[in-house]
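Structural features, examined
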Amino acid sequence: METTSSVKKLGSEGSGSDTSSGGGNSRHDGGVGGGRNVGDKEKGYFEYFGWVYHMGTNSIGHEYCHLRFLFIRGKYVEMYKRDPHENPGIKPIRRGVIGPTLMVEELGRRRFNHGDVYVMRLYNRLDESKKGEIACATAGEARKWMEAFDQAKQQAEVELSRGGSARNKLNMETEINLDGHRPRVRRYAHGLRKLIRIGHGPETLLRQSSDLGGSVRGEGFFEGDIGDAIEAHEWKCVRTLNGVRIFEDVADSKSGRGVLVKAVGVIDASADTVFEVVLNLERHQRYEWDMLTGDLELVDSYDGHYDVVYGTYDPKYLTRWQSKRDFVFSRQWFRGQDGTYTILQFPAVHKKRPPKSGYRRTKINPSTWEIRSLNLPMGSNGAKCLVTQMLEIHSSGWCRWKKNSSTKFEKTTHFALLSQVAGLKEYIGANPALKNESATVVVHSKFSDVSSSNGYYEDVEVQEQFYDAIAADSSSSEDEDSDDSNDPDKKDKKVKLKNVSWAIASLALKRTSVPDANKEFDCSVPPITIDPSQFRGSLHKAKDETDSNCWTSPGGKGFMIRGKTYLKDNAKVMGGDPLLKLIAVDWFKVDKAADRVALHPKCLVQSEAGKKLPFILVINLQVPGKPNYSLVLYYASERPVNKNSLLGKFVDGTDMFRDARFKLIPSIAEGYWMVKRAVGTKACLLGKAVTCRYLRQDNFLEIDVDIGSSSVARSVIGLVLGYVTSLVVDLAILIEAKEEEELPEYILGTVQLNRVRLDAAVPLEV
């Protein structure tokens with residue numbers, strides 16, 4: 001079933017007949033689209049709408065997966081059986097408010113009969129039993145819905161900060177559980193049978209791609225291979241292959257551990273599209289661009305972000321040997337907050353695929369894909385992304401090949417892997433339907449007047465939050481439609497939806513951000529002298545550079561942060577010395593995640609010396625595992641915090657403000673290159689990626705970071721723990737600056753963890 005191609009791009013809305021009186025009907029050409037923009041333009045709210053799969057369990061225990069039309073207006077959300085633009089007068093079957101405690105977790109990809117969906121879990125971080133799930137056809141669509149919910153949460157925060165009627169405040173006591181249990185795979189088949197009967201088969205949604213705002217993509221895309229921490233790689237272009245550059249890491253070429261190489265190409269398609277093509281196992285499609293791993297089949301999948309694949313290939317295309325080869329490898333993927341997709345591929349063994357008679361089992365070298373959207377000049381059409389495939393080669397033939405003295409390398413699996421980027425580029429270039437996916441829009445965003453949002457609900461008592469409101473008055477998706485007031489057509493307005501990402505337009509490596517202590521602390525109080533010998537954690541401080549299972553506090557020059565002119569030119573500068581002093585580190589093992597460590601009687605915060613410190617910031621990184629671990633960092637200041645400073649607003653502010661500002665920059669300084677690629681060097685807003693709980697009391701603020709609350713974070717940390725004894729990890733903690741007066745950013749604190757041992761963790765006595 002083909003999708004409608006007459007739907008307008010959002011970039012074209014707000015112009016032509018759409019902006020004229022009575023011209024609203026033109027926005028419904030394809031059954032999807034629309035928006036409103038009335039009243040004072042200085043007071044606006046966003047609208048998002050489009051089709052999603054709603055999954056749940058009804059009152060008699062039957063599981064369902066139904067196609068529903070989701071509509072977000074400001075902080076309000078509605079769910080319809082049909083598109084309200086095509087069916088004026090219908091009333092939503094679900095309605096509610098998106099509150100400040102709503103969390104949206106990306107559960108990844110789930111496979112059902114004829115394809116895959118990307119699932120998101122919505123839950124209350126204060127009560128995770130109240131949760132629900134919706135799914136989208138593509139990873140890009142899921143990402144854009146997550147951004148839509150984040151925008152709605154920000155709208156709710158703004159309105160709550162301004163005050164308003166009590167009935168528009170979020171009432172936590174009236175919440176209703178949407179789904180008691182997570183939907184299982186069989187519910188998709190149950191729902192799909194009905195979707196096919198009513199003429200909305202899964203093919204329709206699976207072939208649609210979303211473009212939330214079409215040409216209004218966020219500004220914050222990285223150009224090139226740049227992160228927020230400075231890496232030691234030194235890449236040199238040694239060959240070009242059909243428009244794709246082949247690089248070698250010459251900084252590590254003499255280590256004797258093999259050669260790290262990568263193929264880099266620019267592809268005229270969105271990162272979402274390329275990600276879908278790379279992950280797709282459909283044979284006929286892969287035959288068009290992949291000369292090695294064309295015959296693939298899914299063996300097993302786990303937690304939406306990890307699967308195991310079995311493949312075969314005929315070596316006659318690569319060597320003179322005629323024996324057929326087979327291989328098994330695992331794939332692990334995730335999407336960063338900047339929209340970059342990372343796919344890790346490891347050789348694997350699986351009991352469902354033992355060695356096969358007539359085939360020679362081949363080991364595919366570990367490799368990674370990185371797919372990053374590129375910023376285009378204003379007015380440019382289409383989309384571009386930078387695709388990088390990286391692998392480690394242990395063949396001595398590499399050196400001869402790059403010098404053109406031997407062609408044997410071109411008959412190896414390594415060469416076939418490096419050629420995949422070139423094949424991908426040509427395949428997408430030869431299929432305009434892939435490049436122009438954004439012409440079919442199933443998710444839209446608009447900008448409308450906030451007063452119309454309040455007016456629309458002025459006679460409605462809305463107390464439920466979204467995940468409760470979806471099942472507002474019944475637990476079945478078979479509710480009858482009821483009457484709804486007609487929504488008048490209103491103007492569209494182009495908007496820029498700013499993603500949670502930070503662009504780097506230029507790197508001013510000679511410029512350093514120096515924190516202004518006079519601004520962040522109360523200078524009317526004389527500073528105290530912090531004696532490090534008075535504070536001792538379970539993990540000792542490094543004695544020298546050769547020490548292991550220890551910590552140090554490096555400077556901030558290894559991290560890139562927002563400079564003074566960031567809002568104008570996106571320029572970042574090297575960080576300066578940390579504002580706070582790292583005084584101790586604890587490394588605990590616990591049976592379950594431990595909160596409020598600072599209140600433990602044996603914690604240094606409760607010691608006599610700790611109580612005399614003006615301010616202590618406690619960062620409790622809760623690491624999931626068997627057992628669980630807690631890495632607790634203690635940062636102290638010499639003066640009390642200035643309550644009017646950015647740090648003061650963060651320390652004494654709301655949890656919502658903290659979630660939107662608490663940022664961490666990771667970097668693997670030394671370690672296995674695959675772990676480096678998995679962790680990356682991009683800044684991450686922790687409050688938006690995982691659940692953070694805050695405790696402000698006496699002279700300290702504790703932040704409990706639940707890494708296990710995100711399936712993506714769990715998978716990455718699981719990889720890290722497997723190599724932790726060989727890793728040197730650098731972390732920088734800071735508060736994100738969003739206003740002119742808050743720039744330049746400064747680093748709150750840093751830590752370097754040197755080859756920490758899991759067995760060195762000490763039990764935390766409860």
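Here the structure is a predicted model, which is why all the values come from computation and not from measurement.

This next bit is on the overall build of the protein. A tally of helices and strands in the protein yields 19 helices and 34 strands. Taken over 766 residues, the protein has a buried fraction of 58%. For the protein, long-range pairs separated by at least 24 residues make up 70% of all intrachain contacts whose partners lie at least 6 apart in sequence. For the protein, the exposed area adds up to about 32400 Å²; of that, 49% sits on carbon and sulfur atoms.

Here we come to the packing of aromatic side chains. Under the defined criterion, the tally for this structure stands at 15 aromatic pairs. Considering the side-chain rings of Trp145 and Phe149, the 6.4 Å spacing of their centres and the 40° angle between planes classify their relative orientation as tilted. One end of the pair, Trp145, and the other, Phe149, are both in helix α1 (residues 139-162), four residues apart, so they sit about a helical turn from each other. The same class applies to Trp145 as to Phe149, namely buried. Ring centres 5.5 Å apart and planes at 55° place the aromatic pair Tyr302 and Tyr306 in the tilted group. Tyr302 sits in the partly exposed class, given a relative accessible area of 35%.

Turning next to the sheet that holds strand β34 (residues 762-763). Hydrogen bonds along the backbone pair up the strands of a sheet, which may run parallel or antiparallel. Judged by pairing direction, the sheet is mixed, and its six strands sit side by side in the order β30-β31-β26-β27-β25-β34 without closing on themselves. A single partner strand is all that each edge strand has here, and the edge strands are β30 (691-697) and β34.

Before going further, it helps to spend a moment on the sheet that holds strand β22 (residues 550-552). The sheet built from five strands is open, its strands ordered β22-β33-β32-β28-β29 with antiparallel pairing. Only two strands of the sheet have a single neighbouring strand rather than two, namely β22 and β29 (684-685). Bridge count between β22 and strand β33 (residues 747-754): three bridges; the pairing is antiparallel. For Trp551, the partnering residue across the bridge sits in β33 and is Leu753.

On average, residues of the protein carry a pLDDT of 75, and 70% of them reach 70 or more. For residues 438-442, every residue scores under 50 in pLDDT, and the model assigns this stretch 25 contacts once sequence neighbours within four places are set aside. For the stretch residues 448-510, pLDDT sits under 50, and the model shows 226 contacts to residues farther than four places along the chain or on other chains.

On to unusual backbone geometry. Residue Lys626 is joined to Pro627 through a cis peptide bond whose omega torsion reads 0°. With respect to the helices, strands and loops of the structure, Pro627 is situated in the loop between β26 (615-623) and β27 (628-637). The phi angle at Asp303 is positive, at roughly 45°, despite the residue not being glycine. When you line up the elements, Asp303 lands in the loop between β12 (295-302) and β13 (306-313).

On to helix α4 (residues 271-279). Here α4 lies mainly inside the structure; nine of its nine residues are buried. Inspection of α4 places Ala271, Asp272, Thr273, Val274, Phe275, Glu276, Val277, Val278 and Leu279 among the buried residues, and these make up the whole buried set.

This part is about the nonpolar core. Ranked by size, the top nonpolar core spans 67 residues in total, and within it Trp145, Phe149, Val274 and Leu424 carry the most contacts. Counting contributing residues per domain, this core is built from domain 1 (47-172) and domain 2 (235-433), each supplying no fewer than three. Excluding residues within four positions of it along the chain, Leu424 makes contact with Ile267, Val274, Val277, Val278, Trp289, Trp369 and Val387. Of all hydrophobic cores here, the second largest spans 63 residues; its members include Leu260, Leu646, Phe650 and Ala760.

A few words now on the pairing of strand β10 (residues 244-249). Extensive coverage of β10 is indicated by the burial of five of its six residues. Summarising the sheet, strand β9 (residues 235-241) and β10 pair through six bridges and their orientation is antiparallel. In the strand pairing of β10, Leu241 is matched with Val244. The turn linking β9 back onto β10 is made up of two residues, and Asn242 within it adopts a positive phi angle of 50°. Of the pairings in the sheet, the one linking β10 to strand β11 (residues 259-267) comprises four bridges and is antiparallel in character. By the bridge assignment for β11, Glu248 is matched with Val261.

Let's shift gears to the pattern of salt bridges. The full count for this structure, using the stated rule, is 32 salt bridges. A salt bridge links Arg110 to Glu133, with the nearest nitrogen and oxygen atoms 3.2 Å apart. Here the residue Arg110 occupies a position in strand β6 (residues 102-112), and Glu133 occupies one in strand β8 (residues 127-136), the gap between them amounting to 23 residues. Per residue, the accessibility class of Arg110 equals that of Glu133, and both read buried. Taking the shortest distance from any N to any O, the salt bridge between Arg361 and Asp326 comes out at 3.0 Å. Note that Arg361 is positioned in strand β16 (residues 359-361) and Asp326 in strand β14 (residues 324-335), a separation of 35 residues in sequence.

It is at 12 Å that the axes of α4 and helix α8 (residues 420-429) come closest, and there the two elements cross at 115°. Here the hand of the crossing between α4 and α8 comes out right-handed. Residues Val274, Val277 and Val278 of α4 lie in contact with α8, whose contacting residues are Leu424, Tyr427 and Ile428. Per-class residue counts for the contact of α4 with α8 are six nonpolar, no polar and no charged.

Bringing the environment of Val299 into the picture now. Structurally, Val299 is set in strand β12. Dropping the residues within four chain positions of it, Val299 is found in contact with Val308, Val309, Tyr310, His350, Lys352 and Arg353.

Further remarks concern α8. Among the ten residues of α8, seven are classified as buried, and the element is accordingly described as predominantly covered. Among all positions of α8, only Gln420, Val421, Ala422, Gly423, Leu424, Tyr427 and Ile428 are buried.

Let us look at the pairing of β30. On any regular strand, side chains alternate: one points to one face of the sheet, the next to the other face. Of the pairings in the sheet, the one linking β30 to strand β31 (residues 700-706) comprises seven bridges and is antiparallel in character. Bridged to Arg693 within β31 is Asp704. Following β30, the chain reverses through two residues before pairing antiparallel with β31; Asp698 in that reversal takes a positive phi of roughly 50°.

Attention now goes to the environment of Gln151. Residue placement: Gln151 occurs in helix α1. Since its relative accessible area comes to 16%, Gln151 is described here as buried. As a C-alpha pair, Gln151 and Lys75 span 76 residues in sequence and 8.4 Å in three-dimensional space.

Basis of the calculations
- Residues numbered from 1 in each chain as written.
- Predicted model: local features only at pLDDT ≥ 70, side-chain atom pairs only at ≥ 80, totals over all residues.
- Heavy atoms only, no water.
- Helix = DSSP H or I, 4+ residues; strand = E, 2+ residues; numbered from the N terminus.
- Buried < 20%, exposed > 50% of the residue type's maximum accessible area, 1.4 Å probe, protein only.
- Contact = heavy atoms within 4.5 Å.
- Areas by Shrake-Rupley, 256 points an atom, 1.4 Å probe, with all protein chains shown as cover.
- Phe/Tyr/Trp six-rings, centres within 6.5 Å; stacked < 30°, edge-to-face > 60°.
- Pairing = 2+ DSSP bridges.
- pLDDT = per-residue confidence, 0-100.
- Core = buried A, V, L, I, M, F, W, Y, C linked by side-chain atoms within 4.5 Å.
- Domains from an automatic or database assignment.
- Salt bridge = Lys/Arg side-chain N within 4 Å of Asp/Glu carboxyl O.
- Axes fitted to C-alpha atoms, helices over the stretch in contact; angles between N-to-C directions.
- Left-handed = near helix turned anticlockwise from the far one by under 90°.
- Nonpolar A, V, L, I, M, F, W, Y, C, P; charged D, E, K, R; others polar.

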